[in-house]
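# Coordinate inspection notes
These are the residues of each chain, in order.
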Amino acid sequence: AQNPRGEDSSPEDYWTVGAIRGHSFYKVLSSKALVANILNLNDPKCLQDLALAQDMIRGVILDSIFRQVDRLGNISVDQLQHYVDRDGKVKWDDKLSDKDKADAVSPIFALKRIMYKDNDDGMMWGMNSISVTPILNETHHVDKTIYNRLQWLAGLMQDSEPGSDVKIKDYFVRFVHVSGDNYDKLKASLLKQASSLKSRVEAKDILVDLDFEGTMKKLYAKEVEAAQTAAASGTQPGATSPPS
């Protein structure tokens, strides 16, 4: 999340629900088919839609939990440089150093990423609906990282480990600086969202198959293996090129 100054950082099209539905990445989120059947995951061209789809669903889930009522119009887009390094990790930044470029075993991809700005007007607990609710309701894909972490945190808030509920509340009150009452409402909102997503996943209304980083790693797994083999033998791998 960032808070860039000036509305010139906003995308050309104002982020209404209708505008979001018009983006190609939204066709991925709204389809009930497997992501692998919607996009050619063997083609690097799929990475842009995967990145934006993952950014959007993660933001929508968080906004739903925190009851962020003023999101539409407060979404920005930035172009970041992405690559896979010799350790097989996917990395990205706005600018890459010479070391970063030397460490890349994949081509460097300039991809648009969603940035959430003006993160105020949250914790509106009395609101039954928020501006991005339709997006979440129409979404049929989520990535396993945010899904698993949300279920894990919901478990801790319900004493999945002895005393974990008290420890989580203490953290939010002492370090995040929310009031005890606000935490109780946040907890209720998070548990509701975790339960809703779990029910939809179990009913196969949402598939946990959105995986930007995993897809990028697979695209360049051979290059990573070659770089690691070369490093072990003390030789340098040849130049890489996008898979055909």
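Up top you'll find the structure we're talking about.
Residues numbered from 1 in each chain as written. Predicted model: local features only at pLDDT ≥ 70, side-chain atom pairs only at ≥ 80, totals over all residues. Heavy atoms only, no water.

### A few points about the side chain of lysine 187
- Here lysine 187 lies in helix α9 (residues 180–202).
- Ignoring any residue separated from it by four or fewer positions in sequence, one finds lysine 187 in contact with Met157 and Asp165. (Helix = DSSP H or I, 4+ residues; strand = E, 2+ residues; numbered from the N terminus. Contact = heavy atoms within 4.5 Å.)

### A short note on the sheet that holds strand β2 (residues 90–93)
- The 3 strands are arranged β2-β1-β3 in an open sheet whose pairing can be described as antiparallel. The open sheet is flanked by β2 and β3 (109–116), the only strands paired with a single partner. Neighbour to neighbour, the strand axes of the sheet diverge by 45° on average, direction disregarded.
- Relative to β3, strand β1 (residues 75–84) is paired through 8 bridges, and the arrangement is antiparallel. Bridging across to β3, glutamine 79 finds its partner in lysine 112.
- Sitting on the sheet, helix α10 (residues 212–219) is in contact with β1, β2 and β3, with an inclination near 115° to β2. (Pairing = 2+ DSSP bridges. Axes fitted to C-alpha atoms, helices over the stretch in contact; angles between N-to-C directions.)

### Side note on a nonpolar patch on the surface
- Where nonpolar side chains cluster on the molecular surface, the patch consists of Tyr171, Phe175 and Val176 and spans about 320 Å² of accessible area.
- Along the chain, tyrosine 171 turns up in helix α8 (residues 164–176).
- On the basis of relative accessible area, tyrosine 171 is assigned to the partly exposed category, the value being 46%. (Patch = residues over 30% accessible without salt bridge, like charges linked within 9 Å, V, L, I, M, F, W, Y side chains within 5 Å. Areas by Shrake-Rupley, 256 points an atom, 1.4 Å probe, with all protein chains shown as cover. Salt bridge = Lys/Arg side-chain N within 4 Å of Asp/Glu carboxyl O. Buried < 20%, exposed > 50% of the residue type's maximum accessible area, 1.4 Å probe, protein only.)

### As for the pairing of β2
- Here β1 pairs with β2 via 4 bridges, running antiparallel. Looking at β2, one finds that tyrosine 83 is bridged to lysine 91.
- Here β1 folds back onto β2, and the loop between the two strands holds 5 residues, one of which, glycine 88, carries a positive phi near 80°.

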